[in-house]
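Below are the chains, spelled out letter by letter.
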Amino acid sequence: MKTAKPWSKTTEPLSYDQIYRYFEQALEECLESINEFENDYYQGITSSLTHAPKIQSSKRSVSVNALIAWSRPLNELRNARSLHDIRNGKTIRDLLSEARAGTLVESISEDSCHLMQQILDKTNEHLYSKIPVLTNKIADCMNLMQQYFLSFYDIENIQDIIQKKKKEKLPDQYVETAYIYEKSRWLHIFHVNKSLKILREMQQRVEDSKGIVLSSLSRECQELAVRCDCTSLSYVFALPETYIEARRAVVGLQTWLLEDKKYTSFIQTSLKVLDEKYAEAKKMFEIGKAHLSQAEYRTDSFRIQLSKVEQENETNEKKLDELEARLETKERDYLSKRLTCEVYEDQLKKMLKEADNREDTLNNHLSIERFQQEIRQFSKELPKLKAQMDALQGRLEFFKQRKQELLALRVECKKIEHDLQLALEDKILKENELNRVISCRQTIRNIYKCRATNDLPQKIFYSLPVKSKLPGESSNDDLSKAIRIVAKYIGRDWSRLYWNLPFYPMRGKEEVSKDINSIDDKYHRGDVFRDQAVDSLGKWRRFHTRAKLDDLMQALRSINRLDILQIIDRRIVKPKQSMNDNQEEIDPRKKEIEDLNRKLNRLFEKIHTGVITVHDTYVYSKIGLDPLQPVRKHRPLVMH
């Protein structure tokens, strides 16, 4: 199997696998250089001593063994001049000068001076020749990774968030994958830059009057100094600090490399989850929409019924007072006649009793007959009045019953309108959730399309705009259709066409000639001319950031391929013009419906956030949400 060609940062990359291999090799070389520098520092100095100390323990690291071996002679040299700490190169040079001149208070061994000289020379050698090269290589890797390892997701004020200057605003949970990677990406850049800054400043720090302060070094160096009894020899840890920071930077870049390898697959997984969430949210929205439709239908039907009862009640209210007045008149008439009848009956009984005790007279007989006649008349009239009163009372009871039914309907209508409001709120919440899922799904889909584009590394290399297009995705735009037509009919003229195509940014003649030769050498079997035309037009579309159909048609005119122009005009240009002419008119109510939806969303956002605290009842109408006026419990009956 043929191995892939390694990538050089100055040439066009073919794939991300090639870029990944480049960074893996470059970062591994950086780690090997750090290990080599570290061994050279510890073992090189130790082996150059006249009386090299024996390794005290094979279980300890090289650094620990070396520093323990250096501790006694270096502290002896420091104490000879009564120094509190050895922090910079000037102090060491002065100390060595005094040792050679023999002006030190105490006598010191030659190995101590030789060891200190070796540490000074090795530190200068590494800081001025080796560490800058390593620093530039790590910085170069970081800059290239920053260029090619893109998340395609923007976080506002990310640099201030990383430096904890601004509070982090958590993202939607559906886009956490993209957010976490973008944040991690900037964190790696921040920490690597921090380590590189330490590496670049170390030259100045070792010669500064303040020198190397042990408390300003990393925790690893401080622990190493305490363990090896070198807490008063800060200068010795200048190079170990650079090794630790350089290794930390390289490990950070390796971690970033692994994260970028997994990022596309994680985005694809998130997209699958969002597709499932979208189907679920859409189903719930349709259910909420159906419930709202049912609630609206039920409310409309109930309002029609209530309107009819209201109209009936208005008519009944006009008749109610009249019936009550008539009933009152009938009751008075009935009571008057009934009392009169009872009085006549009592009087008649008395007269009949008196007539039995005394002789009958003519006048007494006439009075009895008159009373009996009146009583018989009352006996006929009273049942009729009673029947009329009962009829009026029945009608009054009916009207009162209808009024009670109206009050009950009003209460029920208020309840139904409240249910409608709840259904409307539920529908809006589900619609908002659906829109949220759609928005996040579109964001993740665009990220995945950008990351999965086959020519993404080439576009980044040439600083071309990256379009969100899946590999192998069929293109139905006019330019793609025209390219397929041209590739089918252009034949051997594909190279002439490529010479006449415009490019932005500009490509020189040498680059165009190189493209043609590369494509010409690439295809030898099958429909060669068609494959060459497809490849050349695809390359033109990738390199020409402003590619459009007119550019391709103008190039065809330049080489006098009018036959292909006629085919493009017949299949693409004219059908498009016809489609535009026959396009249906947009629904004039669309804007009104969109405005209504925006108003509803704003209203219920205020309700849920507590901005609106008054618990009013709202009704859903064609023009929006209207406050429902409160209905009084007892509405007086007024005759009109």
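These figures come from a predicted structure and were not determined experimentally.

> Report on the pattern of salt bridges, specifying residues and quantitative values.
A side chain with one charge can pair with a side chain of the opposite charge if their charged atoms come near. Tallied over the entire structure, the rule returns 36 salt bridges. Salt-bridge contacts for Arg247 lead to Glu38; the nearest nitrogen and oxygen are separated by 2.9 Å. Here Arg247, found in helix α8 (residues 238–357), pairs with Glu38, found in helix α1 (residues 16–48); they are 209 residues apart in sequence, far enough to count as distant. Note that Glu207 is salt-bridged to Arg93, the shortest N-O span being 2.8 Å. You can see Glu207 sitting in helix α6 (residues 176–207) and its partner Arg93 sitting in helix α3 (residues 89–101), a full 114 residues away along the chain.

> Report on the nonpolar core, specifying residues and quantitative values.
Within the largest apolar cluster, 101 residues are counted, with the highest numbers of intra-cluster contacts made by Trp70, Ile138, Phe149 and Phe237. Ranked by residue count, the leading element in this core is α8, at 16 residues. Counting contributing residues per domain, this core is built from domain 1 (16–52 + 60–272) and domain 2 (280–452), each supplying no fewer than three. Ignoring any residue separated from it by four or fewer positions in sequence, one finds Trp70 in contact with Tyr41, Tyr42, Ile45, Thr46, Leu115, Ile119 and Val236.

> Would you mind going over the packing of helix α11 (residues 478–489) against helix α15 (residues 549–558) in detail, with residue names and values included?
α15 packs onto α11 with a crossing angle of 25° between their chain directions and a minimal axis gap of 9 Å. Overall, the two elements α11 and α15 adopt an arrangement that is roughly parallel. Note on element contacts: α15 touches α11 through Leu549, Leu552 and Leu556, opposite Asp478, Leu479, Ala482, Ile483 and Val486. The residue makeup of the contact of α11 with α15, split by class, is 7 nonpolar, no polar and 1 charged.

> Mind laying out the environment of Leu422, listing which residues take part and the relevant values?
You can see Leu422 is positioned in helix α9 (residues 362–451). Here Leu422 falls in the partly exposed class, since its relative accessible area comes to 42%. Each C-alpha atom of the pair Leu422 and Ala295 lies 9.5 Å from the other, and the pair is 127 residues apart in sequence.

> Kindly report on a positive patch on the surface, identifying the contributing residues and their values.
A contiguous patch of positive charge, built from Lys488, Arg530, Arg570 and Arg571, is present on the exposed surface. Note on placement: Lys488 falls in helix α11. Relative accessible area serves as the criterion here: at 47%, Lys488 is assigned to the partly exposed category.

> Can you explain the state of the cysteines? Please cite residues and give values.
Think of a disulfide as a covalent bridge from one cysteine sulfur atom to another cysteine sulfur atom. One pass over the full model with this rule turns up 0 disulfides. Not engaged in a disulfide, the cysteine Cys228 finds its nearest cysteine sulfur in Cys230; these two sulfurs lie 5.6 Å apart.

> Residue-level account of α11, with values.
End to end, α11 covers 17 Å across 12 residues, agreeing with the expected 16 Å (1.5 Å per residue, within 8%). Buried within α11 we find Leu479, Ser480, Ala482, Ile483, Ile485, Val486 and Ala487. Positive phi appears at Gly491, one or two residues downstream of α11, with a value of about 65°.

> Could you give me a rundown of the packing of aromatic side chains, with the residues and numbers involved?
Each aromatic ring pair is summarised here by two numbers: the centre-to-centre distance and the angle between the ring planes. Applying the stated criterion across every chain, the model contains 13 aromatic pairs. Ring centres of Tyr22 and Phe23 lie 5.4 Å apart, and the angle between their planes is 70°; this geometry places the pair in the edge-to-face category. Summarising the burial analysis for this pair, Tyr22 and Phe23 share the class buried. For the ring pair Tyr344 and Phe378, a centre distance of 5.8 Å and an interplane angle of 40° mean the geometry is tilted. Residue Tyr344 is found in helix α8, and its partner Phe378 is found in helix α9; the two are separated by 34 residues along the sequence. Residue classification places Phe378 among the buried residues on the basis of a relative accessible area of 10%.

> Can you explain the confidence of the model for the protein chain? Please cite residues and give values.
Mean pLDDT over the protein chain: 82, with 84% of residues reaching 70 or higher. Per-element confidence in the protein chain is highest for α6, whose mean pLDDT is 93, and lowest for strand β1 (residues 618–621), whose mean pLDDT is 43. Segment residues 469–474: pLDDT under 50, and 10 contacts once partners within four positions in sequence are set aside and those in other chains are kept.

> Lay out the packing of helix α2 (residues 62–80) against helix α4 (residues 110–148) with the relevant residues and their values.
Direction vectors running N to C along α2 and α4 enclose 100°, while the axes themselves pass 9 Å from each other. The orientation of α2 with respect to α4, classified from their angle, is roughly perpendicular. Residue-level inspection shows Trp70, Pro73, Leu74, Glu76 and Leu77 of α2 in contact with α4, the latter providing Ser112, Cys113, Leu115, Met116 and Ile119. The residue makeup of the contact of α2 with α4, split by class, is 8 nonpolar, 1 polar and 1 charged.

> Which residues make up helix α13 (residues 509–522), and what values go with them?
With 14 residues, α13 extends 20 Å between its outermost C-alpha atoms, agreeing within 8% with the 20 Å of an ideal straight helix rising 1.5 Å per residue. All of the buried residues along α13 are Val512, Asp515, Ile516 and Ile519. The buried residues of α13 occupy one face: seen down the axis, they fall within an arc of 95°. Turned more than 90 degrees off the buried face of α13, the exposed positions are Glu510, Lys514 and Asp521.

About the cut-offs
- Residues numbered from 1 in each chain as written.
- Predicted model: local features only at pLDDT ≥ 70, side-chain atom pairs only at ≥ 80, totals over all residues.
- Heavy atoms only, no water.
- Salt bridge = Lys/Arg side-chain N within 4 Å of Asp/Glu carboxyl O.
- Helix = DSSP H or I, 4+ residues; strand = E, 2+ residues; numbered from the N terminus.
- Core = buried A, V, L, I, M, F, W, Y, C linked by side-chain atoms within 4.5 Å.
- Buried < 20%, exposed > 50% of the residue type's maximum accessible area, 1.4 Å probe, protein only.
- Domains from an automatic or database assignment.
- Contact = heavy atoms within 4.5 Å.
- Axes fitted to C-alpha atoms, helices over the stretch in contact; angles between N-to-C directions.
- Parallel < 35°, antiparallel > 145°, perpendicular 65-115°, else oblique.
- Nonpolar A, V, L, I, M, F, W, Y, C, P; charged D, E, K, R; others polar.
- Patch = residues over 30% accessible without salt bridge, like charges linked within 9 Å, V, L, I, M, F, W, Y side chains within 5 Å.
- Areas by Shrake-Rupley, 256 points an atom, 1.4 Å probe, with all protein chains shown as cover.
- Lys, Arg positive; Asp, Glu negative; His and termini not counted.
- Charge placed at Lys NZ, Arg CZ, Asp CG, Glu CD.
- Disulfide = S-S within 2.5 Å.
- Expected span 1.5 Å × (residues − 1).
- Phe/Tyr/Trp six-rings, centres within 6.5 Å; stacked < 30°, edge-to-face > 60°.
- pLDDT = per-residue confidence, 0-100.
- Arc of directions from axis to C-beta.

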